[in-house]
2 protein chains.
Amino acid sequence: MNLMLIKQVWMNGKKCDVLIEGTTISKIADSIDIPVNKTIDGRHKALIPGFANTHTHSAMTLFRGMGEDISLMKWLHEYIWPYEAKLDEEMIYWGAKLACVEMIRSGITACNDMYWYPATCRRAMEELGMRSVQSYVWIDFFERERAEAHKIKLALTHKQAAAWSELTSFSVGPHAIYSVSGDSLKWATTFAKEYGLMLHIHLAESQTEYEDCVKERGLTPTRYLYELGVLGPNVVAAHGVWLSPEDIRILGDCGVSVVHNPNSNLKLASGYKFKYDELKEAGVRICLGTDGCASSNNLDMVEAMKHAALLQKAWRRDPASMPLKELMDVASLHGYEAMGIRAGKIEEGWLADLALIDLRQPAFVPNHNFYANLIYAANGGAVDTVICNGRILMEGKKIEGEKQILEMAQQMATKLVKP
Amino acid sequence: MNLMLIKQVWMNGKKCDVLIEGTTISKIADSIDIPVNKTIDGRHKALIPGFANTHTHSAMTLFRGMGEDISLMKWLHEYIWPYEAKLDEEMIYWGAKLACVEMIRSGITACNDMYWYPATCRRAMEELGMRSVQSYVWIDFFERERAEAHKIKLALTHKQAAAWSELTSFSVGPHAIYSVSGDSLKWATTFAKEYGLMLHIHLAESQTEYEDCVKERGLTPTRYLYELGVLGPNVVAAHGVWLSPEDIRILGDCGVSVVHNPNSNLKLASGYKFKYDELKEAGVRICLGTDGCASSNNLDMVEAMKHAALLQKAWRRDPASMPLKELMDVASLHGYEAMGIRAGKIEEGWLADLALIDLRQPAFVPNHNFYANLIYAANGGAVDTVICNGRILMEGKKIEGEKQILEMAQQMATKLVKP
């Protein structure tokens, strides 16, 4: 079995050695001296759990920087939808690869992805060694024929997913309440329950979504999903910006995981008053995501932690809100829990999904408070080395094949915008 | 005269050569071929003006990460003030040097600094080749004796500043309306006018400052400064978060420069509704700052641009607010104008204060929109090479002497917190 040793790395205020056997952290001690296949010099580095990017659309990296500073509707009608219609499988493959490189660079070891061609996105991620949950995206715009076609294709993709490696799992991805019919939502829920799958959905992202739902159905979006029977512990709901106190209670009672995406919410002006304290109080598992690069422009989870914390402090007018000690769990452990993966903690017996931070840079001087330095002063660029499932994905800021990926992704994007 | 040539660098959509003679940009053309002392390979790089960090307290890098997630009053009383009382000149020197390294790393070529020992901060900055305006900080807490002592010391420091190099200028820094008496503010204003100096002050940072002033004086902070005769084109006012419509008119009419510090405002929960559109409409010159590391944790102007833009979009609920094309001027040209320095534009005859961005990283792929990639996707870590006053301060991400500076700054910070 492959043995890897991280020597003398800084962790929670002291230096230690960390042994990885195969895919798993097997021993943490002051000093470990056994023959191993690979040793990583941990001096001047800190060890943290890898991040779980719990809501993204990976291949949308190809849209980065398209249609900036315009309203949501103009952005959708003039950029996103016309160009999405031109996407082919090759473009999606290289877009997802670009996303992987970028995610690995900021210490992300797992992501909850939602995009077309999930099997292709899976292949891109596995080739770079990343974990992911790949959702089958379901949009039917309330048309029965589309819904019927989805049922067949979803079942087929699910069958094929049985051959996927341990790095990837399959989930059901009904897009949102305004793009999927109630019957389809019920069908997808039943399917997910039957096969023990996660259900990944956008929920309560914008005020329009909330108000339209109340007007049309007399129910908030959350209450509507509850009445349909969708909500349960297998549900990962992205955004959750527009929630009533009753909605928050429902989400807590049903064991739903909610993914906060501060960058996207800010940039699209969807709303910035994410109710962290109230959701936590209700027992909701709160995770963090970058969303796709079409809206948030990057996939940097350190930046997402920073924005989440700064926003809570600002809108609540309370600098004590969303403290540092909770942020790492939100960005790592909670996302892993939502995806059903035993990682996000550096403990013996847990999966070796890890990131090493380079401390020899201005943001980490002085060393009064490591987590404050990482989250408030640094950014994803501080990550030096990334390990996922016991395998090195980046070492000394080098990722194998990165140059070719950047070139191919650029080619695909150029092809995409060609008239 | 020293000749430097940047070959084939990307600038505003095309490749060009840029010639620097001495301190100045002397020629920009498709191709320049003359013998020079130094050539910089501009391929895979973009050229931008260096950033002007128009409000900071450089040596407060030593406080980075101290007293996180606590209320402003607790932070001041338990951390900032007790530790500031322990600061000596050596600590300030190394704190300012650490700040310089960090600023240069994110492309900052000039800063408007306000801290104790301005001559020491100046020395630190000049040794690393950075431009700065150093303010004499004046806090008298309405005590006449302190005010008299300041008058003598300010005049003395001003005399000594005559020997400073062209990189540094001296300014008057009455701290704020709640820490400086009205008489002192008038005296400082007269002194600044007599010697043609900039006046650097905190203004309308918190709601408390605003409401206390209205209660005590029946005037808003801005109106109070106006009545004292303080406001004029030489005034650089940091923050300006709490402003009435009349305040905004006054600031515009008097030609005041206002410095937005989004990170600090968010972190300290001072207020996030900076009135960018209204201030611009009133003709106010809007600049950008990082504030000190005690509150904002880093000195990254790319991050500051990002936060400024995202916040405007979010609180106004308008994704079109504070568009990309205005952000670079806010972060560079306007700050330079406020400090009276002819830089912040890449044009023949302008000072060579420049930064080169490394485009071979995920944030710059695809290349649909360079400024969107720089501001929304990247961060200060994208800066590869920095030139100030025609001299190279960083090349290929290397700054001479950085290792020693980080070590010495750490030593000083350790000494600072020792019981």
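Please refer to the structure higher up on the page.
Along each chain, numbering runs from 1 in the same order as the chain's sequence is written. Note on labels: chains are lettered from A, ligands numbered from 1, in written order. At least 70 in pLDDT is required for a residue's local features to be given in this predicted model, at least 80 for side-chain atom pairs to be given and counted, and no such filter applies to totals for whole chains, interfaces and linings, which use all residues. Where side-chain values are given, they derive from all heavy atoms of the structure, hydrogens and water being excluded.

A. Representation of the overall build of chain A. Each helix corresponds to a stretch of at least 4 residues labelled H or I by DSSP, and each strand to a stretch of at least 2 residues labelled E; elements are numbered beginning at the N terminus. For chain A, the count of helices and strands is 15 helices and 16 strands. For the radius of gyration, the atoms used are the C-alpha atoms, and the globule rule reads 2.2 Å times the number of residues raised to 0.38. A compact globule built from 419 residues would reach a C-alpha radius of gyration of about 22 Å, and chain A, at 21 Å, matches this within 12%. Over its C-alpha atoms, taken along the principal directions, chain A stretches across nearly 65 × 45 × 45 Å. Each residue's exposure class comes from its accessible area (1.4 Å probe, protein chains only) as a fraction of the maximum for that residue type: buried when under 20%, exposed when over 50%, partly exposed otherwise. Burial status across chain A gives 65% buried among its 419 residues.

B. Looking closely at helix H4 (residues 144-160) of chain A. All names here are of chain A. Here, expected helix span is obtained from the residue count minus one, scaled by 1.5 Å. Relative to the 24 Å expected for 17 residues at 1.5 Å per residue, H4 spans 25 Å between its end C-alpha atoms, a close match to the ideal helical length. Within the span of H4, buried status applies to Ala147, His150, Leu154, Thr157 and His158. Here the buried residues of H4 occupy an arc of 95° about the axis, which is enough to place them on one side. Seen from the open side of H4, the exposed residues pointing more than 90 degrees away from its buried face are Glu145, Ile152, Lys153 and Lys159. It is the directions from the helix axis to the C-beta atoms that the arc portrays.

C. Seen up close, the relation of the copies chain B and chain A. With an RMSD of 0.0 Å, chain B superimposes on chain A once it is rotated by 180° and translated 0.0 Å along the axis. When the rotation and shift are considered jointly, the pair of chain copies conforms to a two-fold rotation axis. Looking at the rotation axis and the C-alpha trace of chain B, the residue lying nearest is Gly381(B), at 3.4 Å. A share of 100% of the interface residues of chain B reappears at the interface of chain A, consistent with the copies meeting face to face through the same patch. The atoms used to superpose the copies are C-alpha atoms, taken from residues with pLDDT of at least 70 in both, and the fit is least squares. Residues are treated as being in contact if the distance between any of their heavy atoms lies within 4.5 Å.

D. Quick look at the interface of chain B and chain A. The interface of chain B with chain A comprises 61 residues on the first partner and 61 residues on the second. It is Asp69(B), Pro362(B) and His368(B) that lose the most area in chain B upon contact with chain A, and together they represent 14% of the buried surface on that side. For this document, the term salt bridge refers to a Lys or Arg side-chain nitrogen within 4 Å of an Asp or Glu carboxyl oxygen. Summed over the shared surface of chain B and chain A, the number is four salt bridges. By the criterion applied in these results, polar contacts are pairs of N or O atoms within 3.5 Å in which, for protein atoms, one can donate a hydrogen and the other can accept it, and in which residues neighboring in sequence qualify only through two side-chain atoms. Where chain B packs against chain A, one counts 23 residue pairs in polar contact (both at pLDDT 80 or more). When contributions to the side of chain B that touches chain A are tallied by element, the ones reaching two or more residues are helix H2 (89-105), helix H9 (262-267), helix H12 (301-316), helix H15 (370-377) and helix H16 (402-417) of chain B. It is H12(B) that provides the largest number of residues to the side of chain B that touches chain A, a total of seven residues. Under the grouping applied here, Gly and all other residues not named as nonpolar or charged are polar, the nonpolar ones being Ala, Val, Leu, Ile, Met, Phe, Trp, Tyr, Cys and Pro and the charged ones Asp, Glu, Lys and Arg. Residue classes in the side of chain B that touches chain A are distributed as 31 nonpolar, 15 polar and 15 charged. Buried area, as used here, totals the accessible surface that two parts lose on assembly, with accessibility defined by a 1.4 Å probe and the loss added over both.

E. Region of the structure containing the state of the cysteines. By definition, disulfides here are pairs of cysteine sulfur atoms that lie within 2.5 Å. Counted according to the given criterion, the structure contains zero disulfides over all chains. With no disulfide of its own, Cys121(A) has Cys100(A) as its nearest cysteine by sulfur position, at a separation of 8.7 Å. Lacking any disulfide linkage, Cys213(B) is separated from the closest cysteine sulfur, that of Cys254(B), by 16 Å. The buried category is assigned to Cys213(B), whose relative accessible area is 1%.

F. Layout of the pattern of salt bridges. On inspection of all chains with the given rule, the structure shows 52 salt bridges over all chains. As a salt-bridge pair, Lys415(B) and Asp88(B) come within 3.6 Å of each other at their nearest N and O atoms. Taken together, the positions of Lys415(B) in helix H16 and Asp88(B) in the loop between helix H1 (72-84) and H2 put the pair 327 residues apart, joining distant regions of the chain. By relative accessible area, Asp88(B) is classed as partly exposed at 26%. Of the charged contacts, one joins Glu326(B) and Lys280(B) as a salt bridge, the two residues approaching to 3.1 Å between their closest N and O atoms. With Glu326(B) in helix H13 (residues 324-331) and Lys280(B) in helix H10 (residues 276-281), this pair connects stretches of sequence that are 46 residues apart. The structure contains a network of salt bridges with shared partners spanning Lys7(A), Asp17(A) and Asp33(A).

G. Highlighting the environment of Arg43(A). All names here are of chain A. Within the secondary structure, Arg43 sits in the loop between strand S4 (38-41) and strand S5 (45-49). Once the C-alpha coordinates of Arg43 and Asn12 are considered, the two residues, 31 residues apart in sequence, prove to be 14 Å apart. Discounting residues that sit within four places of it in the chain, Arg43 has contacts with Lys7, Gln8 and Lys15. Of note is the side chain of Arg43, whose polar atom sits 2.8 Å from the side chain of Asp41.

H. Region of the structure containing the sheet that holds strand S7 (residues 108-114) of chain B. All names here are of chain B. Taken together, the eight strands give an open sheet; going across it, the order is S6-S7-S8-S9-S10-S11-S12-S13, and neighbouring strands pair in parallel fashion. In the strand order of this sheet, the two ends are held by strand S6 (51-56) and strand S13 (285-288), each with one partner. Ignoring strand direction, the axes of neighbouring strands in this sheet form an average angle of 25°. We call two strands paired when DSSP finds no fewer than two bridges between them. Judged from the four bridges that link them, strand S12 (residues 257-260) and S13 form a sheet pairing that is parallel. Residue pairing across strands places His260 opposite Leu288, the latter belonging to S13. To get an axis, a line is fitted to the C-alpha atoms, and for a helix only the part in contact is used. The angle between two axes follows their N-to-C directions and goes from 0 to 180 degrees.

I. Fine view of the sheet that holds strand S11 (residues 235-239) of chain A. Residues and elements named next belong to chain A. Strand order in this open sheet of eight strands is S6-S7-S8-S9-S10-S11-S12-S13, and the pairing throughout is parallel. Strands with a single pairing partner mark the edges of an open sheet, and in this sheet they are strand S6 (51-56) and strand S13 (285-288). For this sheet, the mean inter-axis angle between neighbouring strands, taken without regard to orientation, is 25°. For strand S8 (residues 131-138) and strand S9 (residues 168-174), the ladder comprises seven bridges, and the chain directions are parallel. Across the sheet, the residue bridging to Ser135 is Ser171, located in S9. Sheet strands in contact with H4 are S8 and S9, and its direction is about 155° off that of S8.

J. Layout of the packing of aromatic side chains. Think of it this way: a Phe, Tyr or Trp ring, Trp meaning its six-membered ring, pairs with another when their centres are within 6.5 Å, and the plane angle makes it stacked under 30 degrees, edge-to-face over 60, tilted otherwise. One pass over the structure, following the stated rule, counts 19 aromatic pairs over all chains. For the pair Tyr115(A) and Trp116(A), a centre-to-centre distance of 6.2 Å together with 50° between the ring planes defines the contact as tilted. Owing to a relative accessible area of 30%, Trp116(A) belongs among the partly exposed residues under this scheme. Ring geometry for Trp187(B) and Phe191(B): centres 5.3 Å apart, planes at 20°, overall stacked. Of this pair, Trp187(B) and Phe191(B) are both found in helix H5 (residues 182-195), four residues apart, which corresponds to roughly one turn of the helix. According to the relative accessible area criterion, Trp187(B) is partly exposed, its value standing at 26%. Its relative accessible area of 8% is what places Phe191(B) among the buried residues. Among the aromatic residues, those joined into a cluster by ring pairs are Trp10(A), Phe364(A), Phe370(A) and Tyr371(A). Lying over the aromatic face of Tyr224(A), Arg217(A) brings its terminal NZ or CZ to 3.9 Å of the ring centre. In this arrangement the basic side chain of Lys267(B) is found over the ring face of Tyr376(A), its NZ or CZ atom lying 4.5 Å from the centre. Working rule: Lys NZ or Arg CZ, within 6 Å of ring centre, within 35 degrees of ring normal, means a charge sits over the ring.

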